[in-house]
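Understanding the architecture of this molecule
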Amino acid sequence: MTRDFAPGSPFALLSGAETAAWYAYMKVHLRLEYELNRQLRADSGISLADYHVLVALTSEPGGRMRVTDLAIRIGWERSRLSHHLKRMRARGLVETGANPEDRRAVDVALSEAGWETLRRAAPDHVEFVRKAFLDALEPGEVAGLTTSLERVYDALVEHGTLPRPVDHP
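Residues numbered from 1 in each chain as written. Predicted model: local features only at pLDDT ≥ 70, side-chain atom pairs only at ≥ 80, totals over all residues. Heavy atoms only, no water.

The next thing to look at is the nonpolar core. Ranked by size, the top nonpolar core spans 26 residues in total, and within it Val53, Leu54, Leu57, Leu70, Leu81 and Leu85 carry the most contacts. When contributions to this core are tallied by element, the ones reaching two or more residues are helix H1 (16–44), helix H2 (48–58), helix H3 (67–74), helix H4 (78–90), strand E3 (106–110) and helix H5 (112–132). Looking at this core, the element that brings in the most residues is H2, giving 7 residues. Once you skip the residues sitting within four places of it in the chain, Leu85 turns out to touch Val53, Val67, Leu70, Val94 and Val108. (Core = buried A, V, L, I, M, F, W, Y, C linked by side-chain atoms within 4.5 Å. Buried < 20%, exposed > 50% of the residue type's maximum accessible area, 1.4 Å probe, protein only. Helix = DSSP H or I, 4+ residues; strand = E, 2+ residues; numbered from the N terminus. Contact = heavy atoms within 4.5 Å.)

Written out as structure tokens, the structure reads:
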């Protein structure tokens, strides 16, 4: 669907194809976040934000990393992450403490309950991701979408304010 915008509208600066692509992305992004959050809450009792934190922690040995590095990895402001970690810690999903190499830094680690919550949540979550996202693509489209999204991610890192996470070369 192509939309015409009044002169002076920010989207009047985009071509029709660019506007259509941006709207398509925004529709998917907003609806996908809503549906993923709903699915996780209904099936596992955790939020999408909880899931982001838990999954990011699994990418490090022992499920532990500095809070600052975790904030960069998931693209959150450090203050938002600190508040969220406090709530997750109260529910027993994570543990926090001083970094053994730098006492000024704070580490966060998956607790046993966090690991178990993630193990329980993953199968239903992956099934939903497959049905609502991956199955909508033809097999040959998956690689192309991956390539396109990686290029967009690189542009975000180049033009954004967060540094590139160490595990995303």
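Relative to the assigned elements, Asp102 resides in the loop between strand E2 (94–98) and E3. Its relative accessible area of 18% is what places Asp102 among the buried residues. Sequence separation between Asp102 and Leu13 is 89 residues; the distance between their C-alpha atoms is 48 Å.

With that settled, the discussion passes to the sheet that holds E3. Taken in spatial order, the 3 strands line up as E1-E3-E2 in an open sheet, and their pairing is antiparallel. Two strands lie at the open edges of the sheet, namely strand E1 (64–66) and E2, each paired on one side alone. The sheet shows a mean angle of 25° between the axes of neighbouring strands, taken without regard to direction. In this structure, E2 lies alongside E3, joined through 5 bridges in antiparallel fashion. Note that in E3 the partner of Gly97 across the bridge is Asp107. Sitting on the sheet, H2 is in contact with E1, E2 and E3, with an inclination near 95° to E3. This element, H4, spans E2 and E3 of the sheet and lies at about 120° to E2. (Pairing = 2+ DSSP bridges. Axes fitted to C-alpha atoms, helices over the stretch in contact; angles between N-to-C directions.)

Moving on, we get to the packing of H2 against H4. Where H2 meets H4, the closest approach of the two axes is 11 Å, and the angle between their N-to-C directions is 95°. With respect to each other, H2 and H4 are oriented roughly perpendicular. On H4, the residues that touch Ala49, Asp50, Val53 and Leu54 of H2 are Leu81, His84, Leu85 and Met88. Here the residues of the contact of H2 with H4 are counted per class, giving 6 nonpolar, 1 polar and 1 charged. (Parallel < 35°, antiparallel > 145°, perpendicular 65-115°, else oblique. Nonpolar A, V, L, I, M, F, W, Y, C, P; charged D, E, K, R; others polar.)

In this structure the tally under the stated criterion is 1 aromatic pair. Between Trp22 and Tyr25, the ring centres sit 5.3 Å apart and the planes meet at 35°, which makes this aromatic pair tilted. A residue pair is termed a helical-turn pair when its members lie 3 or 4 positions apart in one helix, as Trp22 and Tyr25 do in helix H1 at 3 residues. Overall, Tyr25 belongs to the partly exposed group, its relative accessible area being 40%. (Phe/Tyr/Trp six-rings, centres within 6.5 Å; stacked < 30°, edge-to-face > 60°.)

The next thing to look at is the environment of Gln39. Note that Gln39 resides in helix H1. As for Gln39 and Ala143, which are separated by 104 residues in sequence, their C-alpha atoms are 26 Å apart. Leaving out residues up to four positions away in the same chain, Gln39 has contacts with Ser44, Asp124, His125 and Phe128.

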